[in-house]
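Structure assessment
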Amino acid sequence: MKTLSLVKFRDGLPREEAWRAWSEHTRRWDSKDHPEIRMTRLTLFGEGGDAGNGGWDGMGLTEWSSAEAFHAAAAWYQTPESAAHAADLGSFMDLERMLTVVIADECAIPGPPLTGTAG
């Protein structure tokens, strides 16, 4: 199962600092607290807060081992055991504006071959 999270960095935090903190948080905290995550891909959008980005700074695409694992992780964030993890997230991310959606299906459609290339 996959989820997509749109994120907004905390106001006043330098963009590069927030990006590094998010990457490090994902490596350090998510691997420890959510071993059921198979893969996470973080994406930094063009200049944060740009109107073309809808005010979002980036997105995380996460592949979970199962829907049950994702729902258990979501419930875990409501427990006292998640406090340190959530505090680290809140140090660089506007948690009130984070939006996570479950991806129901996806379809990869390859583009046409590039002209002038061998192959």
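In case you missed it, the structure is sitting above this.
So, here's what we can say about the structure. (Residues numbered from 1 in each chain as written. Predicted model: local features only at pLDDT ≥ 70, side-chain atom pairs only at ≥ 80, totals over all residues. Heavy atoms only, no water.)

1. With respect to the nonpolar core
- Judged by nonpolar contacts, Val 7, Phe 9, Ala 18, Trp 22, Leu 89, Phe 92 and Met 93 together constitute the single largest core of seven residues.
- Contacts of Phe 9, omitting those with residues within four sequence positions, involve Arg 15, Ala 18, Trp 19, Trp 22, Leu 44, Asp 57, Phe 92, Met 93 and Asp 94. (Core = buried A, V, L, I, M, F, W, Y, C linked by side-chain atoms within 4.5 Å. Buried < 20%, exposed > 50% of the residue type's maximum accessible area, 1.4 Å probe, protein only. Contact = heavy atoms within 4.5 Å.)

2. Examining the packing of helix α1 (residues 15-33) against helix α3 (residues 83-90)
- Across the interface, α1 lies against α3 with an axial gap of 11 Å and an inter-helix angle of 160 degrees. Classified by the angle between their axes, α1 and α3 sit roughly antiparallel to one another. Taken as a pair, α1 and α3 cross one another with a handedness that is left-handed. Taking contact as the criterion, the partners of His 25, Trp 29, Asp 30 and Asp 33 in α1 are, on α3, Ala 84, His 85, Asp 88 and Leu 89. (Axes fitted to C-alpha atoms, helices over the stretch in contact; angles between N-to-C directions. Helix = DSSP H or I, 4+ residues; strand = E, 2+ residues; numbered from the N terminus. Parallel < 35°, antiparallel > 145°, perpendicular 65-115°, else oblique. Left-handed = near helix turned anticlockwise from the far one by under 90°.)

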